[in-house]
Amino acid sequence: MNTPKACPVTAKHITVALVGQPNVGKSMLINSISNAHLHVGNFSGVTVEKTEVLFDYEDYHFTVVDLPGTYAFTDYTIEERVTHDFLCNQEYDVIINVVDSTNLEKNFQLTSELLTMGKKVVIALNMSDEAKKEGIEIDAKYMSELLGVPCIKTSAATKEGIETLLKTVIQTYDQERKEPKLVFSEAVEEEIENILKFLKNHHCELEYSKRDLAINLLKGNETVYNMIRKKPIWIELQPVVLEAKRHIELHHDTDDIKEAFAEEYASFIRGILAETVKINAPKREKTLTEKIDDILIHPVFGIPIFLFFMWALFQLTFTLGAVPMDYIDSFFGWMGDVVGNTIQNDDIRSLVVDGLIGGVGAVVLFTPNIIILFIGITLLETTGYMSRVAFLLDGIFHKFGLHGQSFIPLVTGFGCSIPAYMSARILKNDRDRLLTLFIIGFMSCGARLPVYVLFAGAFFPEEMSGTVLFIIYISGALLGLLAAKVLKLTAFKGIDEPFVMEMPKYRLPSFKLVWHNVYTQTWMYLKKAGTFIAGATVLIWFLSNYPHDSKIEEFYNAKIEQASTQEAKHKLQNELGEALLADSYLGRVGKFTEPLVEPLGLDWKMNVALQAGLAAKEVVVSTLGVLYSLGDEVDEATSSLKDRIKEQIPLPSAIAFIVVIMIYLPCLAASVVFTKEAGHIKYFFYLLVFTSVAAYVMAFMAYRVSLVVLGG
Amino acid sequence: MNLIELDIGEEAVVKKLTASSDLKRRLISFGVMKGAHVKVLAVAPAKSTIEIEAGKMKLALRKEEAKTVEVERV
Ligand SMILES: Nc1nc2c(ncn2[C@@H]2O[C@H](COP(=O)(O)OP(=O)(O)OP(=O)(O)O)[C@@H](O)[C@H]2O)c(=O)[nH]1
Ligand SMILES: [Mg+2]
């Protein structure tokens, strides 16, 4: 049951669609069945795309499709559309309807809709461990009988009931579909009966059972309409259905048939739950969640508390992260020496030591910081605090033209822009979504953290660096808000969309869950450092070493020969390095475009690093590593990149550099995903222009202001 | 009266939903429908957003949305 294998054609193959409301544990359930590592978080809208997981159990090959959670069978948001499309248009054998045992009343609304789809359904009563704790006792056997659909108690957290669930799925797959027992009020049943009679008299045969067909016609289900509209019988059937609908609406005193059916479902569900669920909870006290919320979403202290958490996170990122950094740094230094000593050829040695080891080392160096940042984001995601902050910030966000729920993709953006772009799908309205997509880049992603840590460490004393980091991130976010306001007033004018969001209960994430999330993301960072970044760094090394003009070398070497003091020799040697670097391909490009960045106080090396950063932000650090070590060949071992930056870059220039990094285009991969999510290439060009102009203007202002303030 | 007029801790029964059909359906799927019991749990600064409880579900909604839920105190 554990190893996912490719499926030979001969064996029995079951395709299972995992359907349920958001945040009920669908993804976690798959993780506990197979050894998949799907993303799990404690808020609505973690999964935004369908994912297939393959595994074997007994003699069967399972394909389980994890779908985004959906509250009802509608196309409210894009991710819900994904689920809806899959259920209506794809082939699958069994639906596992995952429900939250602690809130069946709400979850069964969706279940009721699934029962009339003409598919085999198994219900997983998930979170049974929580239900037990809350004193909720469910008679699953009786429930199965009443619904006509197997109901299995499961817990993705404790793995209880997982085997039974799989066995039940196999059983259900092997048997004919049984009609679920969905019972409506007498008034509705009467109308269904009428339509049934009509269908029987006219011998109408469709792939749906007649009862399902009748119910779906009354509910106004589009798929069913599209199917039957093409048949001749429709002409006679239509008036019958219309009349029936009118009766039902009248009966429920509404002009919306969906509302009428929602009320029907609700009373059906109440009936079932009254017979199968017993609650032995002590008299209503405040739940733990409510007690915590009294503090965390306090109208006055809520936001300061959140800001404090953020500050603490960056403080930790810096101070705690610095501990292993020294070891990593000296490890790469040592490795450079050892490996360097075995290589005779000067060029190859420089390529390996300065290029590969130096560049990759500069990126790997920041792994501890990255890990701490990811732990912070994971805790925010898995405890349930995320939705609280969205709640707190909605008022402010709204003023800037953003949707409160935009907070979720924006926070994800602090980790990496790519999943952030995708999670913007939880926003219903296209305009809100596009707006959010445009400002996700303002939330500095994990790959930019190394640049900040490097510069904060270079220019500020250690106890202040964490605060500096915090200020960088916060000002990035504030700039993002400002940008949102500008965009909202110009490009994305329009009405405000509703904000309704479920607040999950607080959950203490298991160590395993946090570890999985952090491990997956850190591993991705390291893998990127070892592949893409290593490649880019080698490229940068070549571009910065060639062409190797021997005339320059001869010219300086002659001078060095003549120099009298050791000091002068030293100085000339440095000059030689600089001159060679300036003459390299990279140097030429950098020099050529230097006039462009000169007003920002950037030299050509920083210019090149920024350009290289368009590929990926980690490359910025590795490029700086290569460029500043080449120009400073002599005392390589004695000074770290941090010290060299401090020596060679004035603070106002460093500030302008950081501002550009904060604002300009995230990276190549993110740009591709952005274009895909935005839906048109033109948005990418808008983004390019928007971020470049914003970065340039802001950096210019930052440079000038700091020149004045710092008196440079 | 509507939801936004309730204070923290007050309970009410939903009388009618006046929202557009999209939002109405979403509210219904959250359990905010005719006859449902709701309770205001928390309000954000300036009452721009409120948190309510409907059944066992906790739900955040903005002032504008809360106004579309007509209720009667109990
Ligand atoms: N105690 C307990 N917690 C669970 C269980 N299943 C899931 N959770 C928690 O519930 C939260 C939601 O889990 P997910 O697997 O992300 O939920 P999902 O249904 O995939 O959510 P969406 O992708 O947003 O639709 C996480 O915080 C899990 O740790 C369970 O059986 N018991
Ligand atoms: Mg999921």
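Above this text is the structure in question.
The next point concerns the sheet that holds strand β3 (residues 60-66) of chain A. Residues and elements named next belong to chain A. Spatial strand order, β2-β3-β1-β4-β5-β7: six strands in an open sheet with mixed pairing. This sheet does not close on itself; its edge strands, each paired only once, are β2 (51-57) and β7 (151-153). For this sheet, the mean inter-axis angle between neighbouring strands, taken without regard to orientation, is 25°. With five bridges joining them, strand β1 (residues 12-20) and strand β4 (residues 94-100) adopt parallel strand pairing. For Val 16, the partnering residue across the bridge sits in β4 and is Val 94. Along the sheet, helix α2 (residues 78-89) makes contact with β1, β3 and β4, crossing β1 at roughly 140°. Against the sheet, helix α6 (residues 162-174) contacts β1, β2, β3, β4, β5 (120-126) and β7, and its axis sits at roughly 170° relative to β5.

For the rest of this paragraph, the subject is the packing of aromatic side chains. Residue and element names in this part refer to chain A. On inspection of all chains with the given rule, the structure shows 33 aromatic pairs over all chains. Judged by centre distance (6.4 Å) and plane angle (65°), the rings of Phe 397 and Phe 407 are edge-to-face. Linking Phe 397 in helix α16 (residues 385-399) with Phe 407 in helix α17 (residues 407-415), this pair joins segments that are 10 residues apart in sequence. You'll find Phe 397 and Phe 407 in the same group, each marked buried.

With that settled, consider the site of ligand 1. Residue and element names in this part refer to chain A. Every one of the 25 residues lining ligand 1 counts as a neighbour, but Lys 26, Ser 27, Thr 47, Asp 129 and Ala 156 are closest to it. Contact distances for ligand 1 include 2.9 Å between an oxygen atom and a backbone N or O atom of Gly 45. Between ligand 1 and the protein, one listed contact pairs an oxygen atom with a backbone N or O atom of Ala 157 at 3.3 Å. The fraction of the free accessible surface of ligand 1 (660 Å²) that becomes covered by protein chains is 95%. Of all the elements in the fold, those that place two or more residues in the shell around ligand 1 are α1 (26-33) and α4 (128-133). When residues of the shell around ligand 1 are assigned to their parent elements, the largest contribution, three residues, is made by α1. Of the residues in the shell around ligand 1, the class split is 10 nonpolar, 11 polar and four charged.

Quick look at helix α10 (residues 234-252) of chain A now. Side chains three or four residues apart in an α-helix point the same way, a direct result of the helix having 3.6 residues per turn. Taking 1.5 Å per residue, 19 residues should reach 27 Å; α10 of chain A reaches 26 Å between its end C-alpha atoms and fits that length. At its buried positions, α10 of chain A is contacted by α7 (186-201), α8 (210-219), α9 (222-228) and α11 (257-276) of chain A.

About the cut-offs
Counting restarts for each chain: residues are numbered from 1 in the order of the written sequence. Chain labels run from A onward and ligand labels from 1 onward, assigned in the order the entries are written. Two thresholds apply to this predicted model, a pLDDT of at least 70 for residue-level local features and 80 or more for giving and counting side-chain atom pairs, whereas whole-chain, interface and lining totals are computed over all residues. In computing side-chain properties, one takes all heavy atoms of the structure into account and sets aside hydrogens as well as water. Strand pairing is defined by DSSP finding a minimum of two bridges between the two strands. Where helices and strands are cited, they refer to DSSP runs of H or I of at least four residues and of E of at least two residues respectively, numbered from the N terminus. To define axes, lines are fitted to C-alpha atoms, for helices over the stretch in contact only, and angles between the resulting N-to-C directions are given on a 0 to 180 degree scale. By definition, residues are in contact when any of their heavy atoms lie within 4.5 Å. Ring geometry is summarised as follows: Phe, Tyr and Trp rings, the Trp one being its six-membered ring, pair when their centres sit within 6.5 Å, and such pairs are stacked at plane angles under 30 degrees, edge-to-face over 60 and tilted between the two. The cut-offs for exposure are 20% and 50% of the maximum accessible area for each residue type, with area from a 1.4 Å probe on protein chains only; residues under the lower value are buried, those over the upper are exposed, and the others partly exposed. Distances are taken per atom, and a residue is near a molecule or strand as soon as one of its heavy atoms is within 4 Å of it. Counting of polar contacts relies on pairs of N or O atoms within 3.5 Å, with two restrictions inside protein: one atom must be capable of donating a hydrogen and the other of accepting it, and residues adjacent in sequence are counted only when both atoms are side-chain atoms. Here the open area of atoms and residues is found with the Shrake-Rupley method and a 1.4 Å probe, where only the protein chains shown may cover a residue. Three residue categories are used. Nonpolar comprises Ala, Val, Leu, Ile, Met, Phe, Trp, Tyr, Cys and Pro, charged comprises Asp, Glu, Lys and Arg, and polar comprises the others, including Gly. What a helix is expected to span follows from its residue count: subtract one and scale by 1.5 Å.

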